[in-house]
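Listed below, chain by chain, are the residues.
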Amino acid sequence: MVYGVTVPGTDGRAGAAALVVDAEFDVATFRRDIALRLPAYARPLFLRLLTTLDCTGTFKRRTQELVQAGFDPARIQDPLYFDDPRTGTYVPLDAALFAAISAGGVRI
């Protein structure tokens with residue numbers, strides 16, 4: 001599922017994707033595949049890896065919780081990744097990287 005997250009100091013929203021994956025999922029392979037298929041502006045900047053995706057009683061996806069949590073690793077227990085323009089790879093998103101992105105130290 002793809003959704004937008006607010007990044008402090010930027011206009012609009014940045015693309016994020018919540019993916020339901022298993023233990024065999026490889027982030028580097030995923031990055032390489034989407035780089036071949038999607039232009040840079042269409043690729044998600046943030047990845048959130050899930051084992052299941054919650055649904056409402058009417059089988060709609062619960063996207064509001066994903067949007068509200070944004071990309072803050074302090075609010076999210078799932079693995080998070082950031083498509084780092086400095087390396088051209090998805091890197092784990094930790095508190096230090098979150099702070100750097102939020103402060104504008106890492107350009108998105």
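What you see is a predicted model, and the numbers here were worked out from it, not measured in a lab.

Trainee: Lay out the pairing of strand β5 (residues 89–92) with the relevant residues and their values.
Mentor: Strand direction decides the pairing type here: strand β4 (residues 80–84) and β5, joined by four bridges, are antiparallel. For phenylalanine 82, the partnering residue across the bridge sits in β5 and is valine 91. Following β4, the chain reverses through four residues before pairing antiparallel with β5; glycine 88 in that reversal takes a positive phi of roughly 70°.

Trainee: Pulling in residues and values, what's your account of the sheet that holds strand β1 (residues 2–5)?
Mentor: Ordered in space as β1-β2-β3-β4-β5, the five strands form an open sheet in which the pairing is mixed. Every other strand in the sheet has two partners, leaving β1 and β5 as the edge strands with one partner each. In this sheet, adjacent strand axes meet at a mean angle of 30° when their direction is disregarded. Two strands pair when backbone bridges link them, and β1 and strand β2 (residues 14–20) are joined in this way by four bridges, in the antiparallel orientation. The partner of valine 5 across the bridge, within β2, is alanine 14. Docked against the sheet, helix α1 (residues 27–37) engages β2, β3 (46–50), β4 and β5, running at close to 145° with respect to β5.

Trainee: Which residues make up the nonpolar core, and what are the values?
Mentor: Counting residues in each nonpolar core, the largest one holds 20 residues, and the members touching the most others are Val5, Phe46, Phe71, Phe82, Leu93, Leu97 and Ile101. Within the residue set of this core, elements represented by two or more residues are β1, β2, β3, α2 (63–69), β4 and α3 (95–102). Ranked by residue count, the leading element in this core is β2, at three residues. Ignoring any residue separated from it by four or fewer positions in sequence, one finds leucine 97 in contact with Phe82, Arg86, Val91, Pro92 and Val106. Core analysis: the next-biggest nonpolar cluster, separate from the first, contains nine residues, Phe30, Leu47, Leu49 and Tyr90 among them.

Trainee: An account of the pattern of salt bridges is needed here, citing residue identities and associated values.
Mentor: Under the defined criterion, the tally for this structure stands at three salt bridges. Across the pair aspartate 83 and arginine 31 runs a salt bridge whose closest N-O atoms are separated by 2.9 Å. With aspartate 83 in strand β4 and arginine 31 in helix α1, this residue pair connects regions lying 52 residues apart in the sequence. Residue arginine 31 is classed as buried on the basis of its relative accessible area of 14%.

Trainee: Talk me through the pairing of β2; I want residue IDs and the actual numbers.
Mentor: Counting buried positions along β2 gives five out of seven residues, so the element sits mostly inside the fold. In the sheet, β2 pairs with β3 via five bridges, with the strands oriented parallel. Bridge pairing in β3 links alanine 18 to arginine 48.

Trainee: Explain the side chain of arginine 43 to me, using residue names and the numbers behind them.
Mentor: Mapped onto the elements of the fold, arginine 43 is located in the loop between α1 and β3. The charged side chain of arginine 43 is buried without a salt bridge, its nearest counter-charge being aspartate 83 at 4.9 Å. Within polar-contact distance, the side chain of arginine 43 engages the backbone oxygen of leucine 38 at 3.1 Å. In contact with arginine 43, not counting residues within four places along its chain, are Arg31, Ile34, Ala35 and Leu38.

About the cut-offs
- Residues numbered from 1 in each chain as written.
- Predicted model: local features only at pLDDT ≥ 70, side-chain atom pairs only at ≥ 80, totals over all residues.
- Heavy atoms only, no water.
- Pairing = 2+ DSSP bridges.
- Helix = DSSP H or I, 4+ residues; strand = E, 2+ residues; numbered from the N terminus.
- Axes fitted to C-alpha atoms, helices over the stretch in contact; angles between N-to-C directions.
- Contact = heavy atoms within 4.5 Å.
- Core = buried A, V, L, I, M, F, W, Y, C linked by side-chain atoms within 4.5 Å.
- Buried < 20%, exposed > 50% of the residue type's maximum accessible area, 1.4 Å probe, protein only.
- Salt bridge = Lys/Arg side-chain N within 4 Å of Asp/Glu carboxyl O.
- Lys, Arg positive; Asp, Glu negative; His and termini not counted.
- Polar contact = N/O pair within 3.5 Å; in protein donor to acceptor, adjacent residues only side chain to side chain.

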